[in-house]
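Here is what each chain is made of, one letter per residue.
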Amino acid sequence: MTESYALTDPSNNYVTGTMTIDNGDQVVEVHVHNGLSSSDTIFDYSHGYVATRLLSRKACFILKIEKDFIPELQEIGRLAFEKKTLKRIYSPKNVWVQYQAGNSWFGNFRNWFRYGKPIERLCSGLPLYQLVKSQGPLTVQGCAHAGIPFIFGITICEKHH
């Protein structure tokens with residue numbers, strides 16, 4: 001069963017993106033339309049990875065799904081339904097992640113087998129960066145925002161030494 005949602009800003013009701021949940025394939029696709037801050041994110045629960053393609057960075061960022069901080073497929077569906085019917089969510093979740101600049105690679109057959117076809121379609125031909133969970137930095141300057149607007153945010157920052 002596939003469900004689609006328009007992601008709206010609670011303050012002005014503008015559509016900021018779309019989300020499709022495919023319960024059969026266990027995949028969530030999110031497309032955020034916000035100029036240079038636009039992003040596409042795939043949550044592939046059958047393979048256990050999240051991938052985000054950031055328009056501003058011309059790269060893909062991949063994170064292993066860990067149940068402690070990435071919502072389960074059913075929870076994302078429930079939150080999306082609540083947001084649609086209640087018109088707002090009071091406290092969206094957010095996860096902070098970091099990547100090491102200059103430490104990218106291009107996907108090959110083994111990578112795509114591990115990450116799955118949806119992530120391969122999203123990221124093929126782009127540099128890939130492995131993300132690791134972190135604490136929020138003191139400043140968000142230079143960080144990018146992705147994920148599911150007003151439901152589950154992913155803040156991607158470069159790791160500084």
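Above this text you will find the structure in question.
Residues numbered from 1 in each chain as written. Predicted model: local features only at pLDDT ≥ 70, side-chain atom pairs only at ≥ 80, totals over all residues. Heavy atoms only, no water.

A.B. asks: How would you summarise the overall build of the chain if you had to cite specific residues and measurements?
C.D. replies: When helices and strands are counted, the chain shows 3 helices and 11 strands. Its C-alpha atoms give the chain a radius of gyration of 15 Å, near enough to 15 Å, the size a compact globule of 161 residues would have. In terms of overall dimensions, the chain has C-alpha extents of about 45 × 40 × 30 Å along its principal axes. Put simply, the chain has 161 residues, and 44% of those count as buried. Looking at the chain alone, contacts between residues at least 24 apart form 54% of all its contacts between residues at least 6 apart. (Helix = DSSP H or I, 4+ residues; strand = E, 2+ residues; numbered from the N terminus. Rg over C-alpha atoms; globule rule 2.2 N^0.38 Å. Buried < 20%, exposed > 50% of the residue type's maximum accessible area, 1.4 Å probe, protein only. Contact = heavy atoms within 4.5 Å.)

A.B. asks: Residue-level account of the side chain of Asp40, with values.
C.D. replies: Note on placement: Asp40 falls in strand E4 (residues 39-44). The class of Asp40 is buried, set by a relative accessible area of 14%. Side-chain polar atoms of Asp40 contact the side chain of His31, separated by 2.6 Å. Only 2.4 Å separates the side chain of Asp40 from the side chain of Arg53, close enough to count as a polar contact. Setting aside residues no more than four positions away along its own chain, Asp40 makes contact with Val30, His31, Ala51, Thr52, Arg53 and Leu122. (Polar contact = N/O pair within 3.5 Å; in protein donor to acceptor, adjacent residues only side chain to side chain.)

A.B. asks: Tell me about the pairing of strand E6 (residues 59-64), and please be specific about residues and values.
C.D. replies: E6 sits mainly inside the fold: 5 of its 6 residues count as buried. The sheet contact formed by strand E5 (residues 49-54) and E6 spans 6 bridges and is antiparallel. Residue pairing for E6: Arg53 is matched across the bridge by Cys60. Counted between consecutive antiparallel strands, the loop separating E5 from E6 contains 4 residues, among which Lys58 sits at a positive phi close to 50°. (Pairing = 2+ DSSP bridges.)

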